[in-house]
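# Structural description and commentary
Below are the chains, spelled out letter by letter.
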Amino acid sequence: MKHFDDTESLITVRDWLRFAVSRFNEARLFFGHGSDNAFDEAVYLILHTLHLPLDRLDPFLDASLTRDESEQVQAIIERRVKERIPAAYLTHEAWLGEYRFYVDERVIVPRSFIAGLLHEQLAPWIEAPDEVLSTLDLCTGSGCLAILAALAFPDSRVDAVDLSRDALAVATRNIADYALTDRIEVVESDLFTALEGRTYDVILSNPPYVNAESVAMLPPEYRAEPLLALGSGEDGLDATRRILAGAKAHLRPCGLLLVEIGHNRDALEAAYPDLPFTWLDTEGGDQFVFMLRREDLPDR
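Residues numbered from 1 in each chain as written. Predicted model: local features only at pLDDT ≥ 70, side-chain atom pairs only at ≥ 80, totals over all residues. Heavy atoms only, no water.

## Considerations on the pattern of salt bridges
Taken as a whole and judged by the stated rule, the model has 19 salt bridges. Between arginine 242 and aspartate 190 there is a salt bridge whose closest N-O contact spans 3.0 Å. Separated by 52 residues along the polypeptide, arginine 242 in helix H10 (residues 238–246) and aspartate 190 in the loop between strand S5 (184–188) and strand S6 (200–205) bring together distant segments of the chain. Taking relative accessible area as the criterion, arginine 242 reaches 41% and is therefore assigned partly exposed. Residues joined in a network through salt bridges with shared partners are Glu41, Arg80, Arg84 and Glu221. (Salt bridge = Lys/Arg side-chain N within 4 Å of Asp/Glu carboxyl O. Helix = DSSP H or I, 4+ residues; strand = E, 2+ residues; numbered from the N terminus. Buried < 20%, exposed > 50% of the residue type's maximum accessible area, 1.4 Å probe, protein only.)

In structure tokens, the structure reads:
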């Protein structure tokens, strides 16, 4: 793109921010891995690259960049435009609220409505967080929900389970960063397959849930993520069906199952008309995360 050969006049943070927003809009980038618009994404990438506080733009807008800094900022903007790589893979970090996690192409970029529920310790469904002694995070990916669960329930041991050995390597790194290796065990397993005999007070899962039609139409930014962590059969419910079939055997009496299912609420309720799903209020609405008690779950 010719614009990247004509940047000598860009001197300040403000100059580069305007340039980045123009290029992002011109390229019709897709957002959804931490920001939802060109301006916020440009701010994040520039501040991160310049090692500036991510929540403080105004004091630096008219600051001049060194030649080396300009080259670094241009490089990350150019990669975002030309390669359509999610911003989180460019910076190797993703945020869930105030919590930062290392990410790379081995895992999907963390984004889960369950995270907000864990910030509230699953209230009011969990009345005594200190009585949650065992938690399972199925399809843990980067380990973010396992870590948030360990922080929400300080007396709980947590199993972080994933089919992908690569994903578990990323999870292990994040768990170590939070000094939680003594409380979180990573387990390579195809859902419940390797968990025979283990039971939990809480099972959490943000499994693959994109249906086949949507997978075929994913923008390049999403196709950069591991497909194993996105698609789940024709209707997006293959993994969720297996979770519903196996969860009861791994929940303790009065235990809770929470599963995120994207935009599949109608399809799920049609497939399981007799299950008393409780749809939890999240920052995105009450369409995305369901809860069931052990006693409500079907036997295999």
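## Some thoughts on the packing of aromatic side chains
Following the criterion strictly, the structure yields 10 aromatic pairs and no others. Residues phenylalanine 277 and tryptophan 279 carry aromatic rings whose centres are separated by 5.8 Å and whose planes lie at 45 degrees to one another, so their mutual orientation is tilted. Since its relative accessible area comes to 13%, phenylalanine 277 is described here as buried. Arranged with centres 5.9 Å apart and planes meeting at 75 degrees, the rings of tryptophan 279 and phenylalanine 290 form a pair that is edge-to-face. One end of the pair, tryptophan 279, is in strand S8 (residues 278–279); the other, phenylalanine 290, is in strand S9 (residues 289–293), with 11 residues separating them in the sequence. The same class applies to tryptophan 279 and to phenylalanine 290, which are both buried. An aromatic cluster is built from Phe4, Trp16 and Phe19, whose rings are joined through pairwise contacts. Above the face of the tyrosine 102 ring, arginine 173 is positioned so that its terminal group lies 3.7 Å from the ring centre. (Phe/Tyr/Trp six-rings, centres within 6.5 Å; stacked < 30°, edge-to-face > 60°. Lys NZ or Arg CZ within 6 Å of the ring centre and 35° of its normal.)

## So, the pairing of S9
With four of five residues buried, S9 lies mostly within the body of the structure. Bridging between strand S7 (residues 251–260) and S9 involves five bridges; their strand directions are antiparallel. Directly across from leucine 257, in S9, lies its bridge partner leucine 292. In terms of strand pairing, S8 meets S9 through two bridges, oriented antiparallel. (Pairing = 2+ DSSP bridges.)

## Section: the nonpolar core
Trp16, Leu17, Phe24, Ile46 and Ile77 are the most contacted members of the largest nonpolar core, which has 38 residues in total. Taken together, the elements giving at least two residues each to this core come down to helix H1 (13–27), helix H2 (38–49), helix H3 (67–83), helix H4 (87–91) and helix H7 (165–177). Look past the residues within four positions of phenylalanine 24 in its chain and what remains in contact with it is Leu29, Phe31, Ala38, Glu41, Ala42, Leu45, Ile77, Arg80 and Val81. (Core = buried A, V, L, I, M, F, W, Y, C linked by side-chain atoms within 4.5 Å. Contact = heavy atoms within 4.5 Å.)

## Quick notes on the layout of surface pockets
Roughly 190 Å³ of volume is contained in the second largest pocket. Surrounding the second largest pocket, 13 residues form its lining, Ile126, Glu131, Val132, Asp201 and Cys254 being those nearest its centre. When residues of the lining of the second largest pocket are traced back to their parent elements, those giving at least two are S6 and S7. Counting residues per element, the lining of the second largest pocket draws most heavily on S7, at four residues. (1 Å grid on protein atoms, 1.4 Å probe; cavity = no way out; pocket = protein on both sides within 12 Å on 5 of 7 lines; lining within 4 Å. Points joined across faces, edges and corners; volume = space filled by probe spheres on them.)

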